[in-house]
Amino acid sequence: MSSSFSLMAAFHLYTTLLVLLLSLFTIKAFSFTVLDHQNTYIVQIQHDEKPSVFPTFKHWYESTLNSVSLSVELSENNNDEPGFKSRSHQNNINGQSTSRIIHTYEKVFHGFSVKLTPLEATKLEKLSGVIAVIPEQVRQIQTTRSPQFLGLKTKDSSGLLKESDFGSDLVIGVLDTGIWPERKSFHDRDLGPVPLRWKGECVATKDFGPHTCNRKLIGARYFSAGYESTNGKMNESSELRSPRDTDGHGTHTASIAAGRYVFPASTLGYARGVAAGMAPKARLAVYKVCWTAGCYDADILAAFDAAVSDGVDVISLSVGGVVVPYYLDSIAIGAFGASDHGVFVSASAGNSGPGGLSVTNVAPWVTTVGAGTIDRDFPAHVKLGNGKVIPGMSIYGGRGLSPGKQYQLVYAGSGEGSGGDGYSSSLCLEGSLDPKFAKGKIVLCDRGMISRETKGEVVKKSGGVGMIIANGVFDGEGLVADCHVLPATSVGASGGEEIRKYMASCSKTRTKPTATILFKGTRLRVRPAPVVASFSARGPNPESPDILKPDVIAPGLNILAAWPDRVGPSGLPTDKRRTEFNILSGTSMACPHVSGLAALLKAAHPEWSPAAIRSALMTTAYTVDNRGETMLDESTGNTSTVMDFGAGHVHPQKAMDPGLVYDISSYDYVDFLCNSNYTGRNIMTITRKNADCKGARKAGHSGNLNYPSMTAVFQQYGKKKMSTHFIRSVTNVGDAKSVYRVTIKPPRGIRVTVKPMILVFRRMGQKLNFVVRVEARQVNLTAGSSLVRSGSIHWKDGKHVVTSPIVVTMQEPL
């Protein structure tokens, strides 16, 4: 088979290049022809085609790049193509060789990342041996009570913590903004030696000494080449070229996953108690991939590669971006490579809720985590001059407002003397408030455009004594407790409207509206809880509608965890306050809860695959709150749905002993991609495996992936009856001899049958199959609309209840 990467062709190309380079060198330094704008691309190579003439893969990659760039240069010189011009991109500067390659990848992906012009990318993609050329995406980063809320009690003589030895000797890799290693959450007292299988390293820099790591933090690396390739050399006066965290996000997520027990812990006096991560004895390895301008795919993929090579058991990734097909999604590709090596990957679902189709990180080999509340909050109510109290939430530990005093209340959006246009002033944007308008008053600001903490800084600089942030209609009633730099609170959309009505009524009577803020501290045993957080991203799955996402939800609202010294609790550069712990909210906080729980489950069940761990978490999840009713949606106050919470809220103790699991192999995922109409080349890009899609498609549709949930999508097209089926296989991980009987709770108006209805197991590890058939009748829908109904099936043996959601979506095409 001929190939541009075959030995003879490569050698011929190599010698030809040398002759051309020598001839060109006498005239001018060798330069590449480029467009004025270059982009970063991730290039996947068929690695087994490397010619032996090249001593390393990197030499091979560089030679290939040189050939492509020379081809573009010669093409321009001969054809004078419009839009191209020569620009120095020299191979040799001051006698030192330089490389265009940003990172090379070997473990989860074979290839490299590089800056290319679009024409270079096009030419490179056409070469035999090049599987894919993928444009880079830029991603963004998305506790003293959550362990108790999840039922993880240290004094229990049995249970998940006891059975797993608190996650000892399991390694969690956190891909984030780095870590502040001196925090007590990362001490190594009473921990055994570093596991012998660990191959990672602790990268020493001027601010991260060679002995900074310990038996808890056993690995620390940073990846910045992709970031700097796009943004230029790092400004080391504002961020550190090291694993050290200058943002806070990475320190926070790492301690949620695996922080040690620390007492006392609080943030500005709030949430006092014992701080602990999910797997307190698990080892941590941090991979800093996020910088001031974001998290770049080239660096994220390099971190995946390093983490798997180092020997992590779990990867926690609290970043996200737009949803694209899996073969263009570097996180999906890296996560598949990790899963293929037995590494569990959890990722945040995103913070773009409560709108539908907002969930990210949706690949079925990734456990996608949404956010819920816990039974603790931080009330800070608004008391208006008419005596009405509007519920709010905040964290403020400084000098408060005078007790019993009412302050004049102004709304910047009125445009009356605020100093800016009505829109920017209503949002309290930088420079939009006139000090004469705000001084000595409480300012009402609309939520949006900039962070809530930044709005407080704007009000404070303008002389305001306090601030109220009102949700917009889209935000609904969801509230987040922020660490503000002045007395401030957030209120829901209805509360904001109530305040504006009060101010309007005062205007009619020509009286000045007044208000104050009542800070109530920390409140425990809140009901209802959990509630699906308003910001938590929702399904359906934009890329694979027949795979329910998110998979589960976990605590993600107002979570206390470790925080670096260099950053104030508000995250603002002007905030000089310092605290050992901070309270943050987001699916970024929910994700490491599941990462830590996965480490505990892996420690208790070393033989379980990543899919088995996800199955245990999903089939034992619950959907009722502490009132015994279906969980609510924080944004509306109404009952939440499977599109909000997936299989439900994680229940760690039950997940330790799920009875049955739905296991999935890497080749099952290949079949899934075949049935999702991905091409062989696309599948090779994602999985590095050759796909026989003719054989796979005989197995049915993509919904037949052995997932713990089942989703049917019916396009009505005037059909009176619609039906589909799901083939599933469950593995016995409970009692050796057990009999499971199915209970069906069908979606309303849907017929669901299961065959067989009884599963008889004779041994541990035995697999048995069953088929679920779903039949629906047409419903009246307007063109372009859809209807979602959900139910479930439950396999019961008298000890275990194995629950699988069944979701039916009926769509009326336009």
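Whatever comes next refers back to the structure up there.
Residues numbered from 1 in each chain as written. Predicted model: local features only at pLDDT ≥ 70, side-chain atom pairs only at ≥ 80, totals over all residues. Heavy atoms only, no water.

A. Region of the structure containing the overall build of the chain. Assigned secondary structure in the chain consists of 20 helices and 42 strands. For the chain, buried positions account for 59% of its 814 residues. When the accessible area of the chain is evaluated, it comes to approximately 32,100 Å², of which 52% is carbon and sulfur surface. (Helix = DSSP H or I, 4+ residues; strand = E, 2+ residues; numbered from the N terminus. Buried < 20%, exposed > 50% of the residue type's maximum accessible area, 1.4 Å probe, protein only. Areas by Shrake-Rupley, 256 points an atom, 1.4 Å probe, with all protein chains shown as cover.)

B. Up close: the sheet that holds strand E29 (residues 514-519). Read across the sheet, eight strands follow the order E23-E22-E29-E25-E26-E27-E28-E24 without closing on themselves; strand pairing throughout is mixed. The outermost strands of the open sheet, each flanked by one partner alone, are strand E23 (389-390) and strand E24 (392-393). When strand E22 (residues 380-384) meets E29, the two strands line up antiparallel, connected through five bridges. Among the inter-strand pairings, Leu-384 is bridged to a residue of E29, identified as Ala-515. Taken strand by strand, helix H12 (residues 452-461) contacts strand E26 (442-446), strand E27 (466-470) and strand E28 (488-491), and its axis lies near 145° from that of E27. Where helix H13 (residues 493-509) meets the sheet, its contacts fall on E22, E23, strand E25 (407-411), E26, E27, E28 and E29, and the angle it forms with E25 comes to roughly 105°. (Pairing = 2+ DSSP bridges. Contact = heavy atoms within 4.5 Å. Axes fitted to C-alpha atoms, helices over the stretch in contact; angles between N-to-C directions.)

C. Region of the structure containing the packing of helix H8 (residues 297-310) against helix H9 (residues 330-340). Remark: H8 packs on H9, axes separated minimally by 9 Å, with the N-to-C direction vectors making an angle of 5°. The angle between H8 and H9 falls in the class roughly parallel. Contact with H8, carried on its side by Asp-297, Ile-300, Leu-301, Phe-304 and Val-308, involves Ser-330, Ile-331, Gly-334, Ala-335 and Ala-338 of H9 and no other residues of that element. Looking at side-chain class alone, the contact of H8 with H9 contains seven nonpolar, two polar and one charged residues. (Parallel < 35°, antiparallel > 145°, perpendicular 65-115°, else oblique. Nonpolar A, V, L, I, M, F, W, Y, C, P; charged D, E, K, R; others polar.)

D. A look at the environment of Ile-45. Position of Ile-45 among the secondary structure elements: in strand E2 (residues 39-45). Ile-45 sits in the buried class, given a relative accessible area of 4%. Not counting chain neighbours up to four residues away, the residues in contact with Ile-45 comprise Trp-60, Tyr-61, His-110, Gly-111, Phe-112, Gly-129, Val-130 and Ile-131.

E. Inspection of the side chain of His-110 at higher detail. Tracing the backbone through its elements, the reader meets His-110 in the loop between strand E6 (101-105) and strand E7 (111-116). A distance of 3.3 Å separates the side chain of His-110 from the backbone oxygen of Glu-106, its partner in a polar contact. A polar contact is formed between the side chain of His-110 and the side chain of Arg-688, at a distance of 3.3 Å. (Polar contact = N/O pair within 3.5 Å; in protein donor to acceptor, adjacent residues only side chain to side chain.)

Any functional reading would require information beyond the geometric quantities listed.
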